[in-house]
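# Results of the structural survey
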There are 2 protein chains.
Amino acid sequence: MKEILDVIIVGAGSAGLAALREVKKRTQRFVIINDGPWGTVCARVGCMPSKALIEAANAFYRRTTFEEFGICGASHLSVSIPDVLQRVRRLRDDFVASTLKTTEELGERAISGRARLLAPDRLEVNGQELQARNIIIATGSRPIVPSSWRGLEERLLTTDTLFEQETLPARMAVVGMGSIGVEMAQALSRLGIRVAAFSSNQTVAGLTDPQVNAVATELLEREFPMYLGDKADLNAVSEGVQVNAGSTKIVVDCVLAALGRRPNIDNLGLETLGVTLDQRGMPSVNPGTMQVADLPVFMVGDANDQVALLHEAADEGHIAGLNATQSIPVCFNRRAPLAIVFSDPGIAVVGNHFQPLDSAKIRVGEVRFDRQGRARTGQRNKGIMRLYAEAESGRLLGAEMCAPAGEHMAHLLALAIDRSLTVQDMLRLPFYHPVLEEGLRTALRDLAAQLPAGSESDLATCSAFNSEALD
Amino acid sequence: MKEILDVIIVGAGSAGLAALREVKKRTQRFVIINDGPWGTVCARVGCMPSKALIEAANAFYRRTTFEEFGICGASHLSVSIPDVLQRVRRLRDDFVASTLKTTEELGERAISGRARLLAPDRLEVNGQELQARNIIIATGSRPIVPSSWRGLEERLLTTDTLFEQETLPARMAVVGMGSIGVEMAQALSRLGIRVAAFSSNQTVAGLTDPQVNAVATELLEREFPMYLGDKADLNAVSEGVQVNAGSTKIVVDCVLAALGRRPNIDNLGLETLGVTLDQRGMPSVNPGTMQVADLPVFMVGDANDQVALLHEAADEGHIAGLNATQSIPVCFNRRAPLAIVFSDPGIAVVGNHFQPLDSAKIRVGEVRFDRQGRARTGQRNKGIMRLYAEAESGRLLGAEMCAPAGEHMAHLLALAIDRSLTVQDMLRLPFYHPVLEEGLRTALRDLAAQLPAGSESDLATCSAFNSEALD
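Rules behind the numbers
Residues numbered from 1 in each chain as written. Chains lettered and ligands numbered in written order. Predicted model: local features only at pLDDT ≥ 70, side-chain atom pairs only at ≥ 80, totals over all residues. Heavy atoms only, no water. Helix = DSSP H or I, 4+ residues; strand = E, 2+ residues; numbered from the N terminus. Buried < 20%, exposed > 50% of the residue type's maximum accessible area, 1.4 Å probe, protein only. Contact = heavy atoms within 4.5 Å. Areas by Shrake-Rupley, 256 points an atom, 1.4 Å probe, with all protein chains shown as cover. Lys, Arg positive; Asp, Glu negative; His and termini not counted. Charge placed at Lys NZ, Arg CZ, Asp CG, Glu CD. Pairing = 2+ DSSP bridges. Axes fitted to C-alpha atoms, helices over the stretch in contact; angles between N-to-C directions. Buried area = accessible area lost by both parts, 1.4 Å probe. Salt bridge = Lys/Arg side-chain N within 4 Å of Asp/Glu carboxyl O. Polar contact = N/O pair within 3.5 Å; in protein donor to acceptor, adjacent residues only side chain to side chain. Nonpolar A, V, L, I, M, F, W, Y, C, P; charged D, E, K, R; others polar. Least-squares fit on C-alpha atoms with pLDDT ≥ 70 in both. Phe/Tyr/Trp six-rings, centres within 6.5 Å; stacked < 30°, edge-to-face > 60°. Lys NZ or Arg CZ within 6 Å of the ring centre and 35° of its normal. pLDDT = per-residue confidence, 0-100. Domains from an automatic or database assignment.

Of the regular secondary structure elements, chain A holds 14 helices and 24 strands. Taken along its principal axes, the extent of the C-alpha atoms in chain A is 75 × 75 × 40 Å. The buried share of chain A, reckoned over its 471 residues, is 58%. Considering only intrachain contacts with a sequence separation of at least 6, the fraction spanning at least 24 residues in chain A is 65%. Carbon and sulfur atoms make up 48% of the accessible area of chain A, which totals about 18,500 Å². For chain A, the separation between the mean place of its 48 positive charges and that of its 56 negative charges on side chains is 2 Å.

Moving on to the sheet that holds strand S14 (residues 233-237) of chain A. Residues and elements named next belong to chain A. One open sheet accounts for three strands, arranged S14-S15-S16; its pairing is antiparallel. Both outer strands of the open sheet, S14 and strand S16 (248-252), are each paired with one neighbouring strand and no more. Mean inter-strand twist for the sheet, computed between neighbouring axes without regard to direction, equals 25°. With five bridges connecting them, strand S15 (residues 240-245) and S16 associate as antiparallel partners. Its bridge partner being in S16, Val241 is matched across the sheet by Val252.

In this assembly, 95 residues from chain A lie in contact with 96 residues from chain B. Between chain A and chain B, roughly 8,500 Å² of surface is buried when both sides are summed, and carbon and sulfur atoms account for 60% of that area. When the buried surface of chain A facing chain B is broken down by residue, Arg335, Tyr432 and Leu459 of chain A rank first, second and third, together holding 9% of it. On inspection of chain A and its partner chain B, the count reaches 18 salt bridges. Between Arg419 of chain B and Asp425 of chain A there is a salt bridge, and its shortest N-O distance comes to 3.5 Å. Linking chain A with chain B are 38 residue pairs in polar contact (both at pLDDT 80 or more). Classifying every residue of the side of chain A that touches chain B by side-chain character gives 49 nonpolar, 22 polar and 24 charged. Bridge count between strand S3 (residues 71-72) of chain A and strand S4 (residues 78-79) of chain B: two bridges; the pairing is antiparallel. Counted as the bridge partner of Cys72 of chain A is Ser78 of chain B from S4 of chain B.

Time to look at the relation of the copies chain A and chain B. When chain A is brought onto chain B, the operation consists of a screw motion whose angular component is 180° and whose axial shift is 0.0 Å, with 0.0 Å RMSD remaining. Accordingly, the operation relating the two chain copies is best matched by a two-fold axis. The position closest to the rotation axis in chain A is occupied by the C-alpha of Leu412 of chain A, lying 2.6 Å away. A share of 100% of the interface residues of chain A reappears at the interface of chain B, consistent with the copies meeting face to face through the same patch.

Our next topic: the pairing of strand S6 (residues 115-119) of chain B. Residues and elements named next belong to chain B. Of the pairings in the sheet, the one linking S6 to strand S7 (residues 122-125) comprises four bridges and is antiparallel in character. Pairing of Ala115 across the sheet is with Val125, part of S7. Hairpin connection, S6 to S7: the antiparallel pair is bridged by two residues.

Turning next to the sheet that holds strand S14 (residues 233-237) of chain B. All names here are of chain B. With antiparallel pairing, three strands are arranged side by side in an open sheet as S14-S15-S16. If you trace the sheet from one side to the other, it starts and ends with S14 and strand S16 (248-252), each paired once. Averaged over neighbouring strand pairs, the angle between their axes works out to 25° when direction is ignored.

For the rest of this paragraph, the subject is the packing of aromatic side chains. With the rule as written, the count across this model stands at six aromatic pairs over all chains. With centroids separated by 6.0 Å and ring planes inclined at 50°, the aromatic side chains of Phe342 of chain A and Tyr432 of chain B adopt a geometry described as tilted. Taken together, the residues span two chains, with Phe342 of chain A in the loop between strand S20 (338-341) and strand S21 (346-351) and Tyr432 of chain B in the loop between helix H12 (423-427) and helix H13 (437-448). Assessed through its relative accessible area of 7%, Tyr432 of chain B is described here as buried. Ring centres of Phe354 of chain B and Tyr388 of chain B lie 5.2 Å apart, and the angle between their planes is 40°; on these two criteria the pair is classed as tilted. Of this pair, Phe354 of chain B sits in the loop between strand S21 (346-351) and strand S22 (362-368) while Tyr388 of chain B sits in strand S23 (residues 384-390), and the two are 34 residues apart along the sequence. Both residues of the pair, Phe354 of chain B and Tyr388 of chain B, count as buried. Directly above the aromatic system of Phe60 of chain B lies the positively charged group of Arg63 of chain B, at a separation of 3.7 Å from the ring centroid. The ring of Phe354 of chain B has Arg386 of chain B sitting right over it, with the charged end atom 5.8 Å from the ring centre.

All names here are of chain A. For chain A, per-residue confidence averages 95 on the pLDDT scale, and residues scoring 70 or more make up 97% of the total. Low pLDDT, under 50, characterises residues 464-471; the stretch is placed with ten contacts to residues that sit more than four places away or in other chains. The ipTM, which scores confidence in the relative placement of chains, is 0.96 for this predicted complex, and the corresponding pTM is 0.96.

Residue Pro356 of chain A follows Gln355 of chain A across a cis peptide bond; omega there is 15°. Topologically, Pro356 of chain A is positioned in the loop between S21 and strand S22 (362-368). Backbone geometry places Gln379 of chain B, a non-glycine residue, at a positive phi of 55°. Assignment of secondary structure puts Gln379 of chain B in the loop between helix H10 (373-377) and S23.

Quick look at the pattern of salt bridges now. Residues and elements named next belong to chain B. Tallied over the full model, the rule gives 76 salt bridges over all chains. Put simply, Glu22 and Lys25 hold a salt bridge, and the shortest N to O gap is 3.3 Å. Residue Glu22 and its partner Lys25 are located together in helix H1 (residues 14-26), separated by three residues, close to a single helical turn. Residue class for Lys25 comes out exposed when judged on its relative accessible area of 58%. Across the pair Glu22 and Arg26 runs a salt bridge, and its minimum N-O distance is 3.1 Å. You can see Glu22 and its partner Arg26 sitting in helix H1, four residues apart, about one turn around the helix. Of the residues examined, Glu22 reaches a relative accessible area of 5% and is grouped as buried. You can call Arg26 partly exposed: its relative accessible area is 32%.

Take the domain arrangement of chain A next. Residues and elements named next belong to chain A. In terms of domain boundaries, chain A breaks down into domain 1 (4-143 + 262-323), domain 2 (147-260) and domain 3 (338-461). Averaged C-alpha coordinates put domain 2 and domain 3 at centres separated by 31 Å. Of the residues lining the interface, 18 residues belong to domain 2; the matching set on domain 3 comes to 21 residues. Buried area between domain 2 and domain 3, both sides added, is near 1,600 Å², and the carbon and sulfur share of it is 60%. Across the contact surface, domain 2 and domain 3 share two salt bridges. Arg190 serves as the salt-bridge partner of Asp344, at 2.9 Å between the closest nitrogen and oxygen. Where domain 2 touches domain 3, the interface holds nine residue pairs in polar contact (both at pLDDT 80 or more). Broken down by secondary-structure element, the contributors of at least two residues to the side of domain 2 that touches domain 3 are helix H7 (179-190) and helix H8 (210-221). With six residues, the single largest contributor to the side of domain 2 that touches domain 3 is H8. Its residues placed into classes, the side of domain 2 that touches domain 3 shows eight nonpolar, five polar and five charged.

Here it is as structure tokens:
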């Protein structure tokens, strides 16, 4: 008689491995199946190698502040792109190795192959049929590349191939100004590559607040030209690739496509689940349980096309791992939304985006960093932060920013929003001096002035008890 | 008949100006008196010029990472100390100018001169007697210099004179390893000056956790020698200054004294208040009201020798300004303690220090940054963070750290401690990937493992209401 497993996990990326961690604690009757290279997108071609590239680029770019600081000789600095990329791969290999440990020790329970669903409790891999009480689909995603661009061959890069290059050419186009496009365009430009950036959107990096978008766009355009609002067409020409967008025609040596990622659900057999699929071929997935309809099937990480961020993928894997090993799926409250783009200044959206908040029901507090004291001492005085609070209650609802130390202030605001804190609550915080967070305080005070009058002091008066304690 | 003022503020530093802001809103019958240069210690000789120096030093020091990043030519970089100091003064002048605006527009209500109390409601300045219903003493502090060192003349610097130098010599000793000593010793060393550091304490930068102190000390000692545990004696010799401490004898060109600051209360006439003074000559000051005993006299900022930090001085001035303009003084809850040293990695203490917490009643969570992913991509992977939580409740009590982005994580933890959050509450926070805050999460998880078992997930399960909302 054929063994019926408790859980099959399809995909060993960040979501699949998070599911595995929970499943392993509760049953040994599981397998994990992976197609293609083992190791997560994050470690192989995503978060980690991109951050290694960005850090090198920012270190090199910092030379533009040297003369003002009193440091001489910046003109003698140069960067070796092959050396930068070699370091990126050296670090990447180490990060990948640490993700591989978990699956290597599983022996036969880790299967290399492409799985195809046959029913809600059955799938086929390598010509073999497997049955399980629960299936977790964590097949990830891949970069979107329009089929008409495929003919460009090695002149078209994605994040799958960028970090594999021995070196990079003098002229590059980056198409798509979402998070990855912005990060890579700025880093490549800071490494001395002549970058031209294109996007069919007028907004960059997922921003929805026109004022934050305007500042972010202006700051990025100081470093490299951006052509926004027109769809880019690519054509191979003898000298490289011609990019046409609206009236712009630019020839570059190669193009980085950063058009987003597509879930890996083709030929996965989702139609065998017997539930309605939308026009993308995607079933409905409950974000609180990760369950597909009422089936013992869970869909997590980039594969479900909900929020393609590592920390969300890990949470989704965790939820599915728990729910696939208990009789009744439990619904979890997801965390406060947080999205960070590792540009300089850092772009971040916390909690609610500005749009579609109802402008009649919110108040907006703003700070610009041009004159902020600490930022000026470090020559990082550029950027903007806008905070959104509920007009009636003063509760913080969200923030968008392009600001120095943005990634850190985004975490501070995420905690505030997660705890439903008000503007007055936040003004209770000690803001040290001189720190960039004092800029955040300026935005909070700007908000406080627009809200129904609170007390005349940030500092709450003592209760009788504390008052005595102080005497 | 002589006018009786509502308020006299003695001292126009950060505390005095904060008091002025509140007083001005409520009465025009006030004067503010200042001895010596107008402009705050913070802007003139403290926070701001020191940060400008540190930023230049860190920018220059970053060259030590260049080869590993793939950047060539670092050996051609040099730093011009005169240029660094000129920029420091240029920025400083601008910061000072902005603090002067407030008092310049006061006309005759801003008096230059040294005040001396005659009674709780009277003082003398420039031979003239003034009377007021309330007096706010905000006379600030000055660097401590042992009288036996005065003979060293221009070979002895303090932060009052350091930033005024045209250039700096090749060899310097820094005596005192509190916050200012650590910041300046590291910055001067990073600017290429051969620094030797001395302290009679075994701990640096106000740390009390032996493990954090050990890491901080070890990291600083990689950059310059520190001689801890012996009192330093200074003697003028023909080549400069000989520093003797225990068995160490080192000759330097000049010495920066960083032994802390002494409140400016000498000859202030505090004895005329008719209250008991302690052996330092200091009356007792209520930290909730800033009131001296039950007198209409308030003592704020560095002058009261409580917490000599700008944000505390500003709060104290604010409280005194409110209390000096209403009939009954109100007691305020002070903010969560926060102290930051702007070294690299950053040193910070949030909430309770490790000592004197009762080790039987707390649990300690720890993370080291040597292997932290994001820190490695930026070559900032050194340091430690230790968190203290109440064993019974899991409530966060405090933290000490020497960690990359320490100043930012300190603010995140200050918010958590101010809101009485538990370790589990903090694990609800979205931690983006890859960020240094994931190191903080590691320390939180280390703590969670030592606390009474919580739920099996950081993610709270949905309430019925939310569960429906997600469907």
